[in-house]
Structure formats: structure tokens, C-alpha cells
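Observations on the model geometry
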Amino acid sequence: MSSFARKADWLLGFLLMGLLVGGYQEAVLAFPGVRALGMGGAYTAVADDAGAVFWNPAGLMQINGQSVAGALTLYPGEADDYETFAAYLAQDSGYGAGALSWYYGRLEPVASPSGLSYTQVHDFCYSLAKPAAKRVSWGGNIRYHRERQPFSTSWQSSWTGDLAALAELSDSLRLGITFRDIYAAVKGGADDGAGNLLVGLAFQPEKGVVFAVDGYDVLNRLQSRAVRVGAEFKLAGGVALRAGLQKATETDWKAWTWGAGVDLADWRVEYAYLSGDYEGIHTMGIAWRF
């Protein structure tokens, strides 16, 4: 494939997924990585689909082919707040594996006599992963962030980035490390509330079975330190079942998650349910491989 054709494919895939997800904005809320949520967010050492953009961009080295993906999440009884996420992924062609993604959120409504206003967030992300050594890959994100507070007429913009690594410790054990928002953390210092360190292990005792555990916000810079555990079991016919648990270490916050996925020709359809302190969230995702 020529360089021009490859660039055209990236642009076309990104626009198509943006249109697909954007059409649902009035009724849904989206997360990056439905499969990851079904596994309780224990995904830093798994990260082999679009969820790698958030959990571990080094995991993009594991993808094969090109795909577009999006995530949609329904909040029962709530349609005012929503988020959308879309991504385009391409396998390593000698220059590294990459992804383009876009996130938009309309969050935290504030009431006034004139009506409701929201915090609005855009996050545009370019991800790249490359081999670092035998059985080791590294990856990173460059993100452009735009945010507008309720009732404000101006947008605040900033650049930041994420760094990550994925290592195969053996044929069945992998280690993943991701530091999100690293530029803002370094620039702002130790107490500015930026920076999220994720550390995970994934164990695959046999084909189609994965157990994973993550430490989320390990440094507690976001005041949300938690342990996350999850499992996935792949069955015949391209069906997969998942379950997970998230438990905060500083508070009583806890949530169970369940999920499933199925392959339909070149499509992958995912579903996850988040219970406990998530208060019942249904999230769905779809990916098209081409």
C-alpha cells in the first residue's frame, strides 16, 4: 500500500467512526474499551485492541490489520451527560503500530435561572508503539486537550502525553506499565493532581483464558488508588465471557463488572455491565476490521 493510500485510509476510518459515534450523542455515554471494562479495568498488561489507547499504547504492537472502533454507554435515566469515543488503529508496517482517537465529553451539569451548562472536553490523541527489545515494546500518546467550564465562553487548551511499556516475562505472563498525563505531572510537580500510574500483570495459562490484575493510580496522585482484577474466557464461535472487580484502597468504593463479546465476520461486538458503585451502567462497543 502506498504512503498516500495509507494516509487516506487513516483519515477515512477516523471520520467514519466519528460520524457513527456522534449520531448517538443525545442518549449515550462512552468509554474507551468495552472489553477492558468487562474485565474490571484490569487491562494494562492485556491491551490488544482500541482500549490500548487508554490503558497501554504499547499494546498496539499486538494488533493485526486495520480497524475502526467506538464505544457507547447507556446511563439509565440520564441523558444530559454523555461522552463519545472513536479510534482508528493500524498494525506495524515497519514504522510502528499506531492509532488516532477522539474523545468528547459533556459532563457535570450546573443549573442556573437560564438553564443548564456543562463542562465540555475534547481530547484528540495520536498513539504510536514500537519494539524496544526482544519481547518488549514501548508506546506513547500525544494528546491535545480542550476544555470549557460551565457558562464560560472561552476554551482552555493544553498538550500532554502518556508513556507505556509492555513486556512478555514468559510465554504465559506479561507485565504492563503506563504513566498517563506525564507531561502535566512533571510540569506541575508532585502535588498538582496530574498523572496516573497503572501497573498490571496478565496471566494466560492456556489459549482463550486470561487472568489479569492492575494497580490503578498507584501513586495516588488522583486520589483514586484502586486494585482491579479481571478474567476472560473465550468459547467456541468467537464468543468471550468476562468478569471483573474494582476496589478502592482508600475508601469503601467497589464495583463488579461483567462482559461478553462475539465475532461476526469482520465485526466485533462487545458488551459490559458495571454494577455496584457504578449504579448499573450498560456499555457497548463495536469494531470493524478491514
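Notes on the structure in this doc start here. (Residues numbered from 1 in each chain as written. Predicted model: local features only at pLDDT ≥ 70, side-chain atom pairs only at ≥ 80, totals over all residues. Heavy atoms only, no water.)

The pairing of strand β5 (residues 136–148) with strand β6 (residues 156–168) spans 12 bridges and is classified as antiparallel. Bridge assignment links Arg146 to a residue of β6, and that residue is Ser157. Bridging between β6 and strand β7 (residues 173–180) involves 6 bridges; their strand directions are antiparallel. Bridging from a neighbouring strand, Glu168 pairs with Arg174 of β7. Turn length for the β6-β7 hairpin, with the two strands adjacent in sequence and antiparallel, is 4 residues. (Pairing = 2+ DSSP bridges. Helix = DSSP H or I, 4+ residues; strand = E, 2+ residues; numbered from the N terminus.)

Take the nonpolar core next. With 35 residues, the main nonpolar core has Met39, Tyr43, Val46, Trp55, Leu60, Leu89 and Ala212 as its most contacted residues. With 4 residues, helix α3 (residues 52–55) is the single largest residue contributor to this core. With residues up to four places along the chain from it excluded, the contact list for Val46 reads Arg35, Met39, Gln62, Arg174, Ala202, Val210 and Ala212. (Core = buried A, V, L, I, M, F, W, Y, C linked by side-chain atoms within 4.5 Å. Buried < 20%, exposed > 50% of the residue type's maximum accessible area, 1.4 Å probe, protein only. Contact = heavy atoms within 4.5 Å.)

Further remarks concern unusual backbone geometry. With the exception of glycine, most residues fall at negative phi, and the peptide bonds are largely trans. Even without a glycine there, the phi angle at Phe151 is positive, about 65°. Position of Phe151 relative to the elements: it lies in the loop between β5 and β6. Phi at Asp217 is positive, roughly 50°, even though this residue is not glycine. With respect to the element layout, Asp217 can be found in the loop between β9 (209–216) and β10 (226–234).

Moving on, we get to the packing of aromatic side chains. According to the stated counting rule, one finds 9 aromatic pairs in the structure shown. Plain terms: the ring middles of Tyr43 and Trp55 are 5.9 Å apart, the flat faces sit at 80° to each other, and that makes the pair edge-to-face. Of this pair, Tyr43 sits in the loop between α2 (34–38) and α3 while Trp55 sits in helix α3, and the two are 12 residues apart along the sequence. The same class applies to Tyr43 and to Trp55, which are both buried. When the ring of Tyr144 is compared with that of Trp159, the centres are 4.9 Å apart and the planes differ by 45°; the resulting orientation is tilted. Of this pair, Tyr144 sits in strand β5 while Trp159 sits in strand β6, placing them 15 residues apart in sequence. We classify Tyr144 as partly exposed; its relative accessible area is 24%. Overall, the relative accessible area of 54% leaves Trp159 in the exposed class. What links up through ring pairs into an aromatic cluster is the set Tyr88, Trp267, Trp288 and Phe290. (Phe/Tyr/Trp six-rings, centres within 6.5 Å; stacked < 30°, edge-to-face > 60°.)

Evaluated as defined, the whole model comprises 13 salt bridges. Here Arg143 makes a salt bridge to Asp162, at a shortest N to O gap of 2.9 Å. Of this pair, Arg143 sits in strand β5 while Asp162 sits in strand β6, and the two are 19 residues apart along the sequence. Classification of Asp162 as buried rests on a relative accessible area of 1%. One salt bridge connects Arg289 with Asp263, and the closest N-O pair in it is separated by 3.3 Å. Of this pair, Arg289 sits in strand β14 (residues 281–289) while Asp263 is found in strand β12 (residues 254–264), placing the two residues 26 residues apart along the sequence. Exposure remark for Arg289: the relative accessible area of 34% places this residue in the partly exposed category. Residue classification places Asp263 among the partly exposed residues on the basis of a relative accessible area of 32%. (Salt bridge = Lys/Arg side-chain N within 4 Å of Asp/Glu carboxyl O.)

The element strand β2 (residues 82–90) is largely enclosed, with a buried count of 9 among its 9 residues. Residues Tyr82, Thr84, Ala86, Tyr88 and Ala90 point to one face of β2 and Glu83, Phe85, Ala87 and Leu89 to the other, with burial holding for every one of them. Bridge count between strand β1 (residues 66–74) and β2: 6 bridges; the pairing is antiparallel. Within the sheet, the bridge partner assigned to Gln66 lies in β2 and is Ala90. Here 9 bridges tie β2 to strand β3 (residues 97–112), and the two strands are oriented antiparallel to one another. Note that in β3 the partner of Phe85 across the bridge is Tyr103. Where β2 folds back onto β3 in an antiparallel hairpin, the turn is made up of 6 residues, including Gly94, whose phi is positive at roughly 110°.

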